[in-house]
Amino acid sequence: MTHSPLPLIAVLFPLLGAVLVLATGARRANLRELCTMLASAGQFAAVLSMLPRVIRGQTLTCTMLPLGPGLALELRVDPFGMIFALLSSFLWIVVSVYSIGYMRSLQEHAQTRFYFCFAMALAGASGVALSGNLITLYMFYEILTVATFPLVAHKETPEAIRAARKYLVYLLGGAVVVLFAIAATYCLTGSLDFVAGGFVGGSGSADLLRVIFAAFIIGFGTKAAIMPLHEWLPSAMVAPTPVSALLHAVAVVKAGVFCCLRVILYVYGPGTLADLALWTTLAGVVSCTVIVANLFALTQDNLKRRLAFSTINNLAVIILGASLLTHESVRGALLHLPFHGFMKITLFMCAGSIFVVAKKELVSELDGIGRRMPVTMAAFTVGAAGLVGIPPVCGFLSKWYLCLGALEAGEILFLSVFLASALLDAAYFFPIVFSAFFKPEQENPGAGVKEAPVAVAAPLAVTALLCLSLFMYPDGMFRFYTLGDLAVKSLFGGR
Amino acid sequence: MTVHFSVLIVVVPLLSSFLVFAFGLFQRRVCFPATVAALAACLVFSAGSFRTVLTTGRPVHYHLGGWAPPWGIEYVVDYLNGLVLTAIAIVSLLAAIYARTLVAREIPAAKHPPFYALFLLQVTGLFGMTVTGDMFNLYVLLEIASFSAYALIGMGEGAAPFAAFRYMIFGTLGACSYLLGVGYLYISTGSLNMADLRQILVPIYFSQALMVGLAFLLLGIAVKMAFFPVHLWLPDSYTLAPSCVSVLLAPLFTKVGAYVMIRVLFTVFDPSFSITLLPVTTVIGWVAVAGILFSSIMALAQGDLKRMLCYLIVTEGGYIGVGIGAGNRPGLTGSIFHLLNDMFMMGLLFMAVGAIQAHFRTRTISGLTGLHRSMPVTAAALVVGGLSVIGVPPLCGFFSKWYLILGAIEARQWFFAGALLLGSLLNAVLFFRIFERCYFEAPHDPAHRKREAGVKADRMAMGELIPMALMAVLVILLGLFSGYIVQHAIAHAIPPGV
């Protein structure tokens, strides 16, 4: 335990950015965008500066304000939180560049509000990542929920507003259930601090603990879009593409999965979950989500909706990995969390890029688009291959560990779930790639190369290259592998 | 000097109310500065006596006229009412500053002196009810507060005099009931002093006269704090009251009533009596559950912003009742903390609505389109207040709700916890509907844009903006520093034996 202001600084950067965005306003648009960029860069630098110390095994803590006996608003950086903090703060830089390009190309309205809410959402996401206990986590979780609402409703059309309302009803409903679970946990244990391996074991009757666990998973699972609580996510696709990227890769659903994993591994812990015989139920429920979401994805013609169902599938894969409670499956889950973020953000930025250039949203319209937009579709291919699990893209690595974990648990059923999911992924991604490159373009064929603006194309090229390099060097700049390894060791004891 | 603070809290506004009236007849301009000065002095007195309590750790007793209790009237400042006094002083001071421009708009110039006199008299009553240690003195001050409230509300628009009359009927019935309760206690014990009663009452806890007395007392208090189902007077009268009046009355009066309820249940009677001997608190808790659900749904049905907030006051009273119903430390912490928070949240929301009504010339939710462009600060204030009522951390409303939920779970009252959580959800629906109106403009709909371009807000005066902004900051700070407030003040304010 080392006290350090760095985690607080990492959370304050986006808050400061949000205030500055509001202060500069639409009249000084360039200055406003500079504020966003500086805040994102500053946040990433702050997170990165904590990395060596976390790798060395230090736990950085920062108590912000006391709340009561055994309770405080406290930030604490452990390897698991570090993974999510690195992911969201790095992708924020990428998405910021991209959204500046995207919003300006489309001349979107209310951009100040957009950047303000975006920064607030990032404050929420990084706070979720760095929270040291459940109540701090809940605070940032709610900030994230509320800050994302105007982003989903951004277009202000009746459809967008309906989607935003749906989003809000689902997520606030989930949050209320979570609040009950947190309060009940506090009543039982008198503490809310995360402990690797859990802290609630033996504090109450088995039935009560089961009910509280169900409340946690239902509540956080709403944000992680576990079926049947996923409905809000495909509807929210009406929002501008940078928002979809935020929802799917950077912050929102990732925060949901992150919270589920926090509860599974750091509140209940593998031992308690095995004692309560809860993991099979959980694994069964999320397995259904894995398969059903992919079947839904097969039927979607809207590209972004198809990607949304793919996200639901992958989030369930992560939770399934954690719920198998073996070394390798947890390692796979911890790696799939960031890797999926990189791959999915690539795909969403590709979808947005196609929309900016060709105004096309449907899969059936994409014939021959690969010849017009080679960079975009090449990046799309990389992301798609990664989600299927084909080397040399990072998605292969995480899926490999997940499959190893299923074997380690001796669960052939869940192994086949992982494999079937990969097969279905291929079934709905590869037709897109095929028709983009090999089918002739229907309207004005041979129009030549017309790529998206640099601010739109560069970020997606960067993330696609990162997906490739993370396969080659899973431990590269972000040290995801080492962090995952440290987290697994702390959870299961050294091996 | 500091020994007199606890009595000066009541004496200063009482005397200045007469002086403001007298001097105001000759020179109207002195009314406002004199009122603000009196209220600022009250803030000093209440904060000063609360500070004495905090540093010495013991309550401050003041015997009026040197007559020792139980014969004389005693004023007591302890942890519980020290907090409440300070909160009343802050909110009423900000409300007075805020009200200035609205008074000029809403009240005819000739009525300014009586208005300010009644304003101060109202605050006198509220301070007095909080600071007094005597059951009958409490009745007197309650009636001072009530009668000035009737008069102030009667100055409002349209049917306001009728609403005020209805309020007076209800209020007088409530006051009678309270007085009857005091009578029963006096006949049984021969004493009116709260601390004295607490000692004398113990041996006669099973007397039926006492139980009847308690029932009358609680009924009276419930009417005055607009506790469901005797809240009927509240929506009409607070909606039709002038904005400069509702901004003072709405946050404070019902909360002081809630304070009196806590005072009677847990310090005049022993907690063991109210919680276990007679299940008074449990009954209150169940009624509160019904009240939360009923008034949340009623609030949803309102198209008038101010009327919706009025139903919300009833809901918040229900939250306090649920904490009392839990009857344990976290529950009561939640009740006391929510009582404080709600003064600031409702103060903020009523300020925002008053400003919208005055400058945006609408009070309906559907008329709020485009508010964020014309009145950005007010719209933001509405968001802060709304999120706090919903219970989004780190705003203060979340933390009191947190303690309330802890209390309900610790008491194993799952329905109480369910009502609290469901209430938050309903409030969320309520407020996000408003936020949508304020911020989203359906830019693709030309008809909408044209209509909205017609509405231009007047410039708000600094005197309105600054109190509103301060109130919003207080709502945030109360949340962030809730740990300190709970640990250093509320933890000691909970009567021993809970």
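Let us look at the structure shown here. (Residues numbered from 1 in each chain as written. Chains lettered and ligands numbered in written order. Predicted model: local features only at pLDDT ≥ 70, side-chain atom pairs only at ≥ 80, totals over all residues.)

This brings us to the overall build of chain A. If you tally the helices and strands in chain A, you get 19 helices and three strands. Buried residues in chain A amount to 62% of all 495 residues. Restricting to contacts in chain A with at least 6 residues of sequence separation, those with at least 24 account for 80%. (Helix = DSSP H or I, 4+ residues; strand = E, 2+ residues; numbered from the N terminus. Buried ≥ 20, exposed ≤ 12 C-beta atoms within 10 Å, placed from the backbone. Contact = placed C-beta atoms within 7 Å.)

Moving on to the interface of chain B and chain A. Across the boundary between the two partners, chain B contributes 28 residues, which contact 24 residues of chain A. At the level of elements, helix 17 (396-410), helix 18 (414-439) and helix 21 (482-493) of chain B are the ones that each hand at least two residues to the side of chain B that touches chain A. A per-class count over the side of chain B that touches chain A returns 20 nonpolar, five polar and three charged. (Nonpolar A, V, L, I, M, F, W, Y, C, P; charged D, E, K, R; others polar.)

Attention now goes to helix 7 (residues 194-201) of chain B. All names here are of chain B. Along helix 7, the residues classified as buried are Met 194, Asp 196, Leu 197 and Leu 201. Within helix 7, the buried residues cover an arc of 150° as seen down the axis, which keeps them to one side. Here the buried face of helix 7 lies against helix 5 (135-154), helix 6 (160-189), helix 8 (208-224) and helix 10 (243-268). (Arc of directions from axis to C-beta.)

All right, on to the pairing of strand 3 (residues 71-77) of chain A then. Residue and element names in this part refer to chain A. Counted residue by residue, strand 3 has five buried out of seven residues, so it is predominantly covered. The pairing of strand 2 (residues 60-68) with strand 3 spans seven bridges and is classified as antiparallel. Its bridge partner being in strand 3, Thr 63 is matched across the sheet by Glu 74. Between strand 2 and strand 3, which pair antiparallel and follow one another directly, the connecting turn spans two residues, one of which, Gly 70, has a positive phi of 70°. (Pairing = 2+ DSSP bridges.)

Residue and element names in this part refer to chain A. An order of 1-2-3 is seen for the three strands of this open sheet, with the pairing classed as mixed. Either end of the sheet is taken by a strand with one partner, and the two such strands are strand 1 (2-3) and strand 3. Each of strand 2 and strand 3 is contacted by helix 5 (residues 134-152), which is oriented at about 80° to strand 3, the strand it contacts most. (Axes fitted to C-alpha atoms, helices over the stretch in contact; angles between N-to-C directions.)

As a further point, take the nonpolar core. Membership of the largest hydrophobic core comes to 407 residues, with the highest contact counts inside it found for Ala 121, Leu 144, Ala 183 and Leu 246 of chain A together with Leu 348 and Val 475 of chain B. Element by element, the count of residues in this core is highest for helix 6 (residues 158-189) of chain A, at 20 residues. With residues up to four places along the chain from it excluded, the contact list for Leu 144 of chain A reads Ala 121, Gly 124, Ala 125, Val 128, Ala 251, Val 252 and Ala 255 of chain A. (Core = buried A, V, L, I, M, F, W, Y, C linked by C-beta atoms within 7 Å.)

Time to look at the packing of helix 3 (residues 79-105) of chain A against helix 19 (residues 480-492) of chain A. Residues and elements named next belong to chain A. Across the interface, helix 3 lies against helix 19 with an axial gap of 8 Å and an inter-helix angle of 150°. Overall, the two elements helix 3 and helix 19 adopt an arrangement that is roughly antiparallel. You can see that helix 3 and helix 19 cross each other, and the crossing is left-handed. Here helix 3 contributes Pro 79, Phe 80, Met 82 and Ile 83 to the contact with helix 19, which in turn contributes Phe 480, Leu 483, Gly 484, Leu 486 and Ala 487. Taken together, the residues of the contact of helix 3 with helix 19 sort by class into eight nonpolar, one polar and no charged. (Parallel < 35°, antiparallel > 145°, perpendicular 65-115°, else oblique. Left-handed = near helix turned anticlockwise from the far one by under 90°.)

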